[in-house]
Amino acid sequence: MPYQPQRIEPKWQRFWEEKRPFRAETGAAAPKYYVLDMFPYPSSAGLHVGHPEGYTATDIVARYRRARGFNVLHPMGWDAFGLPAEQYAIQTGIHPRVTTMQAIENFRRQLKMLGFSYDWEREISTCDPSYYRWTQYIFLKLFERGLAYQREELVNFCPALGTVLANDEVIDGKSERGGHPVYRIPMKQWLLRITSYAERLLRDLDRLDWPESTKELQRNWIGRSEGLRARFPLRGPVAGDIEIFTTRPDTIFGATYLVLAPEHPLVTRITTPEQRAAVEDYIRRTSQKSELARQEQVRDKTGVFTGAWALNPFSGEDIPVWIADYVLPGYGTGAIMAVPAHDERDYDFARAMGLPIRRVVEAHQGDEGAYTGEGVAINSGFINGLPTPQAKAAVIRWAEEHGIGHSAVQYRLRDWLFSRQRYWGEPIPILHLSDGALRAVPEDQLPVLLPEVSSYEPTGTGQSPLAAIADWVHTVDPVTGQPARRETDTMPGSAGSSWYFLRFCDPHNDREPFGMEAARYWMPVDLYIGGDEHAVGHLLYARFWTKVLYDAGLCPVDEPFQRLVHQGMILGEDGQKMSKRFGNVINPDDVVRKYGADTLRVYEMFMGPLERDKPWSTQAVEGVYRFLQRTWRLFVAEQEQEPAAGEKDPAGSQGQEGPVRCAVDEEEPRPEDLRLLHKTIRKVTEDIEALRFNTAISQLMVFVNHFTRHGRRPRRCLRPFVQLLHPFAPHLAEELWELLGERELLARAPWPDFDPQLARDELITVAVQVLGKTRGQVEVEPGASQQEVEQLARQVPTVRNHLEGRTVRKVVFVPDRIINFVVS
RNA sequence: GCCCGAGUGGCGAAACCGGUAAACGCAGAGGACUUAAAAUCCUCAGCCGCAAGGCGUGCGGGUUCGAGCCCCGCCUCGGGCGCCA
């Protein structure tokens, strides 16, 4: 009987479904291991072949760890709130819950079809009220701690579409769809104060076992910089001063003008009557530019003089105050001192506007452009002659002594814009009282359920569709009984995913988000695998929430993911990104139908290193399929042709289930068989630990090739092999395990032991080099001495030729590896 | 511009700590089995060369008895960030 994954796989999946061998037991005595996938957004398109890559990797680790006696938590769930379902609802009127549920059904079916050993009893979905109740609860914890607040924030509002747009939906100041004008208008938005965790988020990266590139990305994103905050007093009619931030206090004597962001609150006050028209016009033009448009014209510096002047407290000069959109309102103080000689942006601006440029750092190059490097201070009063680091310190000290400034740390990280004017998300559990005060919805009234709506269309006022449901919006304050309005904004998609790994520890808890004890047992996640596209979004937000919960005494750890690995991308057969546009999309359903889940799993792991991008190859899939067939044939006896009786229907014999006879025998294995077995145990074990699945599989292939070639099938070798195969191809392995007459589920069998004695080679090939070039080789016993090897090596003809007529000056000998004759 | 990552046969890749470069697989060639084909099995295969031999891990140097691996200087490709003062 041939290898038939279509018969084997559903059989074992049913088994696992009934016997539940993958259930994780909180608090068990065995050491715990928490291995987690980034849970998917269940799109209507179904699983992509990229999903099973990371999921197979974690499944191998989960199955391996169980075999190693660990109590493994390996859960799965759904990141189920989000835009696509809502967009679809706007077009069709079908409730996002309906389409989301369908997508989840489909995803679950596909994941089960791939034989992943999830503990399905812990399945969660972020759009389930029993889950988002606790997302809202955590929001309230943030609110209580002053970490959630409302602020006027500039948003991209498109009056024609009646909605707020995300930055990437705005191109050149116009909406991506329709090309309508978009304005930067202030609207009240919810934000989370992630910036107050910037320092810890940065510092704690050091103790995480994450890819260095990802840590670096987060460091850049947080963007810590040290410098000086200083006040420049205003000259003229308006009193006050302008506070700036600089990382180059040593260049302050070269500050020849100040620049404010056009949105800076001081602008209207300090603008002189003569300049008012120009300034107002410039502000208006800026507000019409989207963030993106502003970034596109990096080099074209524009700006307007406000008419105001300020004192440079260091140089004692009066310098003009300008506004320009190259200064961002959200960073630092929204104002800068411009040092055109030593800052490229200031230089460009000064050249464009004809402003003075004064050198204050000695440069070793010509006078073209700005010199931004370090050097010795010149034209700088009391810091003349000081190298940059000391000059910085001296300026900061002077500023502090004279009360005009102080050293400061700035982060590029912004607070997390947390409101969405959307329907399909968690309602923000806040009430607005008539006097403008905010009231948290009491915890015992959570969840604030998403109401049913008749239309998912934007309201046209920039508010969420929830705002149109009058009887939902209007409620009463539970404390005073006064009328109150509900917050109609919802949370972003990244809310639910910022704590799901905690909920998995205790997914059915209906008194709290998760029990402290359960979290103490399971957390942190020991291995987290997912794409690197979440390097700064999800992974930063999840760290932030974990720290907040930790500070609130609700979570035992302050870092959620101890070890993180990114799987690479699976590209199309043409080497391009898989996309409908290129017509190169591979559907996992098709692959499983044709070759089975085990082939898909083994193939994806065999393609190459987990973390690398790799192109799909249907032919290489065939190769893996052949390997599994060969494995099958190693265990299953050839069906003997029934002589005369077989006449009846040769074609139909495929359909009837003849008895599968086990070909494994009780022969004593030969030494080389045992040697290969133990080498295989060692290699597969080490490779799984190091997530080198591709080389583990190649070793399994070597094993099968060996036993197939020699036609030997000793149980003592083949039984442990099935265990090694199991994490990679669990269905086939279970089937073979049963065929071997085993009673227990393979999924519960312990990992085979490796015996170094049995893995030892009898003879080892030692390479013989002359002057570092390989000229021959000799066979010796392991651990052979230099004398023995050298003597043999000198006999080798090709070696002898190269030693002829030369003097051996030195012999380099590395036991069991090489011997190198250095001659002259 | 800046920051990461990667360059090894026709292709995906392997090579542990600096020690025989190319394991394993795909594609290819030849053979066995077959009436034939498919499947399967066996053999070959980096490049140049009849051979001896030479050349070979993006390029150029260096260190070393010995470099795919370490150091210096480049090149190419992929990804990310972009006026953050």
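Residues numbered from 1 in each chain as written. Chains lettered and ligands numbered in written order. Predicted model: local features only at pLDDT ≥ 70, side-chain atom pairs only at ≥ 80, totals over all residues. Heavy atoms only, no water.

Caption draft 1: Fine view of the overall build of chain A. Scanning chain A from terminus to terminus reveals 26 helices and 29 strands. Viewed in the frame of its principal axes, chain A has a C-alpha envelope of about 110 × 90 × 50 Å. By residue count, 53% of the 824 residues in chain A fall in the buried class. Intrachain contacts of chain A at a sequence separation of at least 6 include 71% that bridge at least 24 residues. Between the mean site of the 98 positive side-chain charges and the mean site of the 111 negative ones, chain A shows a separation of 2 Å. (Helix = DSSP H or I, 4+ residues; strand = E, 2+ residues; numbered from the N terminus. Buried < 20%, exposed > 50% of the residue type's maximum accessible area, 1.4 Å probe, protein only. Contact = heavy atoms within 4.5 Å. Lys, Arg positive; Asp, Glu negative; His and termini not counted. Charge placed at Lys NZ, Arg CZ, Asp CG, Glu CD.)

Caption draft 2: Quick look at the packing of aromatic side chains. The full count for this structure, using the stated rule, is 49 aromatic pairs. Geometrically, the ring pair formed by Tyr 326 and Phe 349 is tilted, given 5.3 Å between the ring centres and 50° between the ring planes. Taken together, the residues Tyr 326 in the loop between strand S14 (318-324) and strand S15 (335-338) and Phe 349 in helix H11 (residues 344-353) connect sequence positions 23 residues apart. Classification of Tyr 326 as buried rests on a relative accessible area of 18%. Between Phe 693 and Phe 728, the aromatic rings sit 6.4 Å apart at their centres with planes inclined by 75°, giving edge-to-face as the arrangement. With Phe 693 in helix H21 (residues 693-710) and Phe 728 in the loop between helix H22 (715-725) and helix H23 (730-739), the pair connects residues that are 35 residues apart, well separated along the chain. Comparing Phe 693 with Phe 728, the two get one shared label, buried. (Phe/Tyr/Trp six-rings, centres within 6.5 Å; stacked < 30°, edge-to-face > 60°.)

Caption draft 3: Focus on the pairing of strand S13 (residues 303-311). For S13, a buried count of 7 out of 9 residues is recorded, marking the element as mostly surrounded by other parts of the structure. One ladder, built from 2 bridges, connects strand S10 (residues 224-235) with S13; its direction is antiparallel. Bridge assignment links Leu 234 to a residue of S13, and that residue is Ala 310. Pairing of S13 with S14 involves 6 bridges; the strand directions are antiparallel. When the bridges of S14 are listed, Phe 305 appears paired with Trp 322. Linkage of S13 to S14, two consecutive antiparallel strands, is achieved through a turn of 6 residues, within which Gly 316 is found at a positive phi near 75°. (Pairing = 2+ DSSP bridges.)

Caption draft 4: Up close: H21. In a regular helix each residue adds 1.5 Å, so 18 residues correspond to 26 Å; H21 covers 26 Å between its end C-alpha atoms and thus fits that length. Considering only its buried residues, H21 is in contact with helix H2 (50-67), helix H18 (597-606), helix H19 (618-635), helix H20 (671-689) and H22. (Expected span 1.5 Å × (residues − 1).)

Caption draft 5: Highlighting helix H9 (residues 273-288). In a regular helix each residue adds 1.5 Å, so 16 residues correspond to 22 Å; H9 covers 24 Å between its end C-alpha atoms and thus fits that length. For H9, the set of buried residues is Val 279, Tyr 282 and Thr 286.

Caption draft 6: Representation of the sheet that holds strand S23 (residues 564-565) within the structure. Spatially, 4 strands are ordered S2-S1-S22-S23 in an open sheet, and the strand pairing comes out parallel. Here the strands that pair on one side only, and so sit at the sheet edges, are strand S2 (71-73) and S23. Two strands pair when backbone bridges link them, and strand S1 (residues 32-37) and strand S22 (residues 527-529) are joined in this way by 3 bridges, in the parallel orientation. If you follow Leu 36 over to S22, its bridge partner there is Tyr 528.

Caption draft 7: Main features of the protein's contact with RNA strand B. Near RNA strand B, the surroundings consist of 53 residues, among which Thr 246, Thr 247, Arg 345, Met 607 and Asn 820 are the closest. The sugar-phosphate share of atoms of RNA strand B within 4 Å of the protein amounts to 63%. In this structure, a sugar or linking oxygen belonging to RNA strand B sits 2.6 Å away from a main-chain N or O atom of Met 607. At 3.3 Å from a base nitrogen of RNA strand B is found a side-chain nitrogen or oxygen belonging to Gln 769. (Near = heavy atom within 4 Å. Polar contact = N/O pair within 3.5 Å; in protein donor to acceptor, adjacent residues only side chain to side chain.)

Caption draft 8: Up close: the environment of Phe 70. Among the secondary structure elements, Phe 70 is positioned in the loop between H2 and S2. Phe 70 sits 39 residues away from Pro 31 along the chain, and the two C-alpha atoms are 5.2 Å apart. Beyond its immediate chain neighbours, meaning those up to four positions away, Phe 70 contacts Pro 31, Lys 32, Tyr 33 and Arg 65.

Caption draft 9: Main features of the domain arrangement of chain A. You can read the domains of chain A as domain 1 (25-128 + 496-582), domain 2 (148-192), domain 3 (224-411), domain 4 (584-640 + 659-760) and domain 5 (764-823). A separation of 31 Å is found between the C-alpha centroids of domain 1 and domain 2. (Domains from an automatic or database assignment.)

Caption draft 10: Structural context of the pattern of salt bridges. A full pass over the atoms with the stated rule returns 56 salt bridges. Among the ionic pairs, Asp 59 bridges to Arg 63, the shortest N-O distance being 2.9 Å. Separated by 4 residues within a single helix, Asp 59 and Arg 63 lie in helix H2, roughly one turn from each other. Each member of the pair Asp 59 and Arg 63 is classed as buried. Across the pair Asp 673 and Arg 712 runs a salt bridge whose closest N-O atoms are separated by 2.8 Å. Here Asp 673 is found in helix H20, whereas its partner Arg 712 is found in the loop between H21 and H22, with 39 residues between them in sequence. Bridged by salt links that share partners, the residues Arg 203, Asp 204, Arg 207, Arg 543, Lys 547, Asp 558 and Glu 559 form one connected network. (Salt bridge = Lys/Arg side-chain N within 4 Å of Asp/Glu carboxyl O.)

Caption draft 11: Layout of the packing of helix H5 (residues 129-144) against helix H16 (residues 538-551). Across the interface, H5 lies against H16 with an axial gap of 11 Å and an inter-helix angle of 70°. Classified by the angle their axes make, H5 and H16 are roughly perpendicular. Note that H5 runs across H16; the crossing there is left-handed. Of the residues in H16, those touching H5 at Thr 135, Ile 138 and Leu 142 are Phe 544, Trp 545, Val 548 and Leu 549. Its residues placed into classes, the contact of H5 with H16 shows 6 nonpolar, 1 polar and no charged. (Axes fitted to C-alpha atoms, helices over the stretch in contact; angles between N-to-C directions. Parallel < 35°, antiparallel > 145°, perpendicular 65-115°, else oblique. Left-handed = near helix turned anticlockwise from the far one by under 90°. Nonpolar A, V, L, I, M, F, W, Y, C, P; charged D, E, K, R; others polar.)

Caption draft 12: Quick look at the confidence of the model for chain A. Overall, the predicted model of chain A reaches an average pLDDT of 89, with 94% of residues at or above 70. The least confident element of chain A, judged by mean pLDDT, is helix H10 (residues 291-296) at 54; the most confident is helix H14 (residues 500-503) at 98. Segment residues 641-656 is flagged for pLDDT under 50; beyond a separation of four residues in sequence, or across chains, it makes 1 contact in the model. (pLDDT = per-residue confidence, 0-100.)

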